[in-house]
Amino acid sequence: MAANILVVEDDADINEIISTQLSRQGHTCTQAFSGTEALMRLDAGGGTLPYDLVICDLMLPGATGEQIIDTVRGVDSALPVIVISARTSTADRVELLKLGADDYLTKPFDLDELAVRVEVQLRHRAKHPESKARDNAAAPESTGGAISFRDWMLDPSSRTFAVKGDFLPLTRIEFNLLEAMMRQPKRAFSKQDLFEKAWGEPYAGDDSTVTVHVSNIRAKLKESGTDAYIKTVWGIGFKLDEA
């Protein structure tokens, strides 16, 4: 699965090693050696991002990795972003997920593991190629297969989610989490259940990952007053509030 990948890393040796490894696997890599250069390359698409995946360090000259992630998410809510960082604390890991990163590796990392994680993200991207442009598109003519819950409407076919008729952009994982809960609104989901449904992979054993993504969803829903639709079931996970 050949892809266009933006590699943002100020260490020239690491940048070259990553790009060479991924190029050998058939991908086309664009290198950026500072945050400022990365933002210029992201802006080259004229409103769309010319990449299938971004690999980004956090500690960069010029713009920070956090600014790069924010820029990506402002244009495409589903473009995979893999962070590589020397930060290893749980707090840093949680903060990365809040920023919108899809995955991360701590330095030093194994190149083969990076390659596997790239392939996983690209497979997800191929299955669900939604973007913010489509999130903000007009409602589809047909709502066949759409799922409603109180003031929410979710359409799996177009990968759109609306609250009181207004479309709300979601990341791939956020959409998958809401879809899982809306399909079974009476069910209390464990975090393991939600992880496996949203990521499509065996549970990684880290409850904070699901919790952070649910927190992000609630934050996006707060303005609409529907954030309380998602209830925390202590000791289990989450469910929808049908009241």
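Here the structure is a predicted model, which is why all the values come from computation and not from measurement.

K.L.:
What is the right way to read the sheet that holds strand β9 (residues 166–167) from this model?
P.N.:
The strands making up a sheet associate through hydrogen bonds between their backbones, and the pairing can be parallel or antiparallel. With antiparallel pairing, the 4 strands of this open sheet are ordered in space as β6-β7-β8-β9. Each edge of the open sheet is held by one strand with a lone partner, namely β6 (147–149) and β9. Both β6 and strand β7 (residues 152–155) contribute to a ladder of 3 bridges, which runs antiparallel. Paired with Ser-148 across the two strands is Met-153, which belongs to β7.

K.L.:
How do you make sense of the confidence of the model for the protein when you look at a structure like this?
P.N.:
The predicted coordinates ought not to be read in detail in places where the model reports low pLDDT. The predicted model of the protein averages 84 in pLDDT, with 88% of residues at 70 or higher. Confidence drops under pLDDT 50 across residues 131–144; counting only partners more than four residues distant or on other chains, this segment forms 27 contacts.

K.L.:
What's the story with the pairing of strand β8 (residues 160–163) in this structure? I'm lost.
P.N.:
It is a general feature of regular strands that their side chains alternate between the two faces of the sheet. Neither face of β8 is left uncovered, since the one carrying Thr-160 and Ala-162 and the one carrying Phe-161 and Val-163 both have all their residues buried. Sheet topology note: the β7/β8 ladder contains 4 bridges and is antiparallel. What sits directly across from Met-153, in β8, is Ala-162. The antiparallel pairing of β7 with β8 creates a hairpin that spans 4 residues between the two strands, and Arg-159 there sits at a positive phi of about 55°. With 2 bridges joining them, β8 and β9 adopt antiparallel strand pairing. The residue of β9 that forms the bridge with Ala-162 is Phe-167. Where β8 folds back onto β9 in an antiparallel hairpin, the turn is made up of 2 residues, including Lys-164, whose phi is positive at roughly 55°.

K.L.:
How do you make sense of the environment of Ile-147 when you look at a structure like this?
P.N.:
Residue position: Ile-147 is located in strand β6. The contacts of Ile-147, once residues within four sequence positions are left out, are Trp-152, Met-153, Leu-154, Pro-156, Glu-179, Met-182 and Arg-183.

About the cut-offs
Residues numbered from 1 in each chain as written. Predicted model: local features only at pLDDT ≥ 70, side-chain atom pairs only at ≥ 80, totals over all residues. Heavy atoms only, no water. Pairing = 2+ DSSP bridges. Helix = DSSP H or I, 4+ residues; strand = E, 2+ residues; numbered from the N terminus. pLDDT = per-residue confidence, 0-100. Contact = heavy atoms within 4.5 Å. Buried < 20%, exposed > 50% of the residue type's maximum accessible area, 1.4 Å probe, protein only.

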